[in-house]
Amino acid sequence: MTAFDWGGALVPYPADVAEAYRTSGEWSELPTGRRFHDAALADPDRPALITADGTLTYRELDERTDQIAAAFGARGLAPRDPVIFQVTNRLATVLAWYGCLKAGLIPVATLAQHRMHEIGHIGPKVGAVAHIVETGLSFDLVGFARDVAAQQPAMAHLFTVGERAEGVDRIEELGVDIDPADARAFVESVEAGIASEDVAVFQLSGGTTGVPKVIPRIHAEYWNNALFYARALDWSADSLVGHLIPVIHNAGISCALHAAHSVGATLVLANPDHVAAFALMSDAGVTDLLIGHGHYRAVQSPEFEPLLATVRHTVLSGAKVSADLFARVDDGGRRWAGQMFGMSEGMFMVSTLDSPARFRSSTVGWAIAPSDEIRILEPGRETELADGEVGELCCRGPYTIRGYFDAAEHNASAFTSDGFYRTGDLAAVRRDADGRPNLSIEGRIKDLINRGGEKVNAEEVEVLLMRHPGIAAAAVVAMPDARLGEKVCAFVVAGEGASELSMTQVQGHMDGLGVAKFKWPERLVWVAELPKTNVGKINKKSLRADVAALLESEGAQS
Ligand code: AMP
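Residues numbered from 1 in each chain as written. Predicted model: local features only at pLDDT ≥ 70, side-chain atom pairs only at ≥ 80, totals over all residues. Heavy atoms only, no water.

Under an unreviewed UniProt entry, the name given to the chain is 2,3-dihydroxybenzoate-AMP ligase, and the source organism is Gordonia spumicola.

What follows is the structure, given as structure tokens:
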């Protein structure tokens, strides 16, 4: 079956390459929802999901998501309709996710923190027709969804997870009265029309220029990406996988939800509050855990202690790992620690289980699929560098995209002439005593701030700041932060005759533009002018040094 034609917006894999991935078994012909159903049939009574809201076995999750899919269909949603997700890590989030996939709908992996600036751009970009929002959060997402629908006439359907909202269908109750056999028949009829190269999910990229780019992940590869990850860590049906970072993120789906279910394991899904999360996880007996940089400190806290009794594998990701942190989760025996490096565009690396501790604590291991290809290239060129040399990490493989969605101009520079994705990350290959490669992450070229895992595009924030009449110029750089890794620091030049704005005024400006809060500057440095390089570009290196000096002098004073 041929995939749906998005009018050239989707960059296909070359036919011979796709064929090779099928032959090697790295691509699948089955739709993603079907992969979950097959896992459920294999061991229906095993717990599939444990959350603070409740627990579901594979059978329960499978049957409920069949019903939800059928209810979506009954409300007029059709295969390939994109659905915007603004929810946190709840049981009903998982119901909504698999329900969408089984109805052939395309989840759009937006975040609960996104606002009109983001949703106003992404919704029309993908042609979203439905919005799933969480109720009971401090921000009224139902009211927000209604504002979005007023601006985007195509967004005709609204659903909630969480508390009941007047006049809106709740995922928790959706389709409960549909006969399970009818629901299954509906799902199978949808699946008969899904091609393996059809889009399964739209993920978002932090982007390197302007607004976030849309990442189309296809059925042939998306579930298998997760399966490769699970296999790399030797997960089995007996694994209990703990996760507390946003599950709708690609890492959440590929390293937790799909990965756990691809091998029949149990997912213990918690929210980022580490006290509640660690309690839920230790009660459940979590064996495998992914810790993002935002929780590195929490691992050192007393609340983590009970987990040490059950956790076998801890994967750390997002920033360099200190010796203390590594020793906390790796005892050289039963407790193993490693690192992961990955991206929504595809490529994942993880420490190899039998790799020496020295490599697991200092590198991110190696790619997880047999046909993954890694090149370290001279930045901006296509010249390959030797092992040990630092250059731009570029990758290609069975689950790495060949192009962003509807972004021909950007794709021309984001990929090499032979289809390798230019990650914008700086890395070097280090070989162990047996000659096996490991990747060490050495920095990045792309102008992003990584705020506890959420990527903030510097240029996007600069443009937004300069929309204020009181700001003539702005340059945004990362400011080191002990908990989140990095925060947004803006160097700003006041407009002619304007006085310096207060932080509250700048926050009010960003709020007024409907920008997600995690992108707002957390420090303003007013300067008379921005430093330039000798080719006339803003000298961010010098600004980063200024931030470091500022922090150091404040540290010295306190
Ligand atoms: P995302 O698509 O949001 O998952 O972001 C992918 C980007 O996050 C990568 O290109 C890196 O810049 C960064 N990243 C992911 N894993 C790591 C890691 N282990 N260490 C440092 N940066 C990372």
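### Some thoughts on unusual backbone geometry
Non-glycine residue Arg80 carries a positive phi angle of around 80°. Within the secondary structure layout, Arg80 lies in the loop between helix H3 (58-74) and strand E3 (82-86). Using a relative accessible area of 28% as the deciding quantity, one classes Arg80 as partly exposed. The backbone of Asp406 sits at a positive phi, close to 55°, despite the residue not being glycine. Relative to the helices and strands, Asp406 resides in the loop between strand E18 (391-396) and helix H14 (408-414). (Helix = DSSP H or I, 4+ residues; strand = E, 2+ residues; numbered from the N terminus. Buried < 20%, exposed > 50% of the residue type's maximum accessible area, 1.4 Å probe, protein only.)

### Overview of the state of the cysteines
Scanning all chains against the criterion turns up zero disulfides. Here Cys394 stays free of any disulfide, with the sulfur of Cys395 as its closest cysteine sulfur at 7.1 Å. Residue class for Cys394 comes out buried when judged on its relative accessible area of 0%. (Disulfide = S-S within 2.5 Å.)

### Observations regarding the packing of aromatic side chains
Taken as a whole and assessed by the stated rule, the structure comprises 19 aromatic pairs. On the basis of an interplanar angle of 20° and a centroid distance of 5.8 Å, the ring pair of Phe36 and Tyr58 is categorised as stacked. Separated by 22 residues along the polypeptide, Phe36 in helix H2 (residues 32-42) and Tyr58 in helix H3 bring together distant segments of the chain. By relative accessible area, which is 0% here, Phe36 ends up buried. Over the face of the ring belonging to Phe139 we find Arg115, whose NZ or CZ atom lies 3.5 Å from the ring centre. (Phe/Tyr/Trp six-rings, centres within 6.5 Å; stacked < 30°, edge-to-face > 60°. Lys NZ or Arg CZ within 6 Å of the ring centre and 35° of its normal.)

### Structural notes on helix H1 (residues 15-24)
Burial in H1 covers these residues: Val17, Ala18 and Tyr21. Seen along its axis, H1 keeps its buried residues to an arc of 100°; they face one direction. Residues of H1 that are exposed and angled more than 90 degrees away from the buried face: Ala15, Asp16 and Thr23. Trailing H1 by a residue or two, Gly25 shows a phi angle of about 85°, which is positive. (Arc of directions from axis to C-beta.)

### Thoughts on the pairing of E3
For E3, a buried count of five out of five residues is recorded, marking the element as mostly surrounded by other parts of the structure. Burial along E3 is two-sided: the face carrying Pro82, Ile84 and Gln86 and the face carrying Val83 and Phe85 are both buried. Pairing geometry for E3 and strand E4 (residues 106-108), over three bridges, is parallel. Residue pairing across strands places Pro82 opposite Ile106, the latter belonging to E4. You can see the chain leave E3, run along helix H4 (residues 91-102) and come back into E4, and the turn it takes is right-handed. (Pairing = 2+ DSSP bridges. Right-handed = clockwise from strand over helix to strand, strands pointing away.)

### Quick word on the site of the ligand
Ser317, Gly318, Ala319, Met340, Phe341, Gly342, Met343, Ser344, Asp425, Lys446 and Lys455 make up every residue found near the ligand. Separating a nitrogen atom of the ligand from a backbone N or O atom of Gly318 is a distance of 3.1 Å. One of the side-chain N or O atoms of Asp425 is found 2.5 Å from an oxygen atom in the ligand. Bound to the protein, the ligand loses 86% of the 500 Å² it would expose on its own. (Near = heavy atom within 4 Å. Polar contact = N/O pair within 3.5 Å; in protein donor to acceptor, adjacent residues only side chain to side chain. Areas by Shrake-Rupley, 256 points an atom, 1.4 Å probe, with all protein chains shown as cover.)

### A few points about the pairing of strand E23 (residues 471-481)
Most of E23 sits inside the fold, with eight of its eleven residues counted as buried. Connecting E23 to the next strand, strand E24 (residues 485-494), in antiparallel fashion are three residues.

### Observations concerning the domain arrangement of the chain
Here the chain is described as being made up of domain 1 (6-431) and domain 2 (448-557). Placing the centre of domain 1 and that of domain 2 at their C-alpha centroids yields a distance of 30 Å. The partner domain 2 presents 20 residues to the 20 residues of domain 1 that form the contact. Of the roughly 1400 Å² buried between domain 1 and domain 2, counting both surfaces, carbon and sulfur atoms make up 48%. There are one salt bridge connecting domain 1 and domain 2. Between Lys519 and Glu118 there is a salt bridge, with its nearest N and O atoms 2.7 Å apart. Seen at the junction of domain 1 and domain 2, the total is seven residue pairs in polar contact (both at pLDDT 80 or more). At three residues, the largest contribution of residues to the side of domain 1 that touches domain 2 is made by helix H5 (residues 116-126). (Domains from an automatic or database assignment. Contact = heavy atoms within 4.5 Å. Buried area = accessible area lost by both parts, 1.4 Å probe. Salt bridge = Lys/Arg side-chain N within 4 Å of Asp/Glu carboxyl O.)

### Things to note about the UniProt feature "domain: AMP-binding enzyme C-terminal" (unreviewed entry) in the chain
UniProt's entry tags residues 460-537 with the feature "domain: AMP-binding enzyme C-terminal" (unreviewed entry), counted in the numbering of this structure. Summarising residues 460-537: 21% helix, 32% strand, and an end-to-end C-alpha distance of 17 Å. (UniProt positions renumbered as here; feature names shortened; annotations may be inferred.)

### Description of the packing of H4 against helix H9 (residues 250-262)
Contact geometry of H4 with H9 gives a least axis separation of 13 Å together with a crossing angle of 75°. Taken together, the axes of H4 and H9 lie roughly perpendicular to each other. Contacts between H4 and H9 involve Val94, Trp97, Tyr98 and Leu101 from the former and Ile253, Leu257, His258 and His261 from the latter. Partitioned by chemical class, the residues of the contact of H4 with H9 number six nonpolar, two polar and no charged. (Axes fitted to C-alpha atoms, helices over the stretch in contact; angles between N-to-C directions. Parallel < 35°, antiparallel > 145°, perpendicular 65-115°, else oblique. Nonpolar A, V, L, I, M, F, W, Y, C, P; charged D, E, K, R; others polar.)

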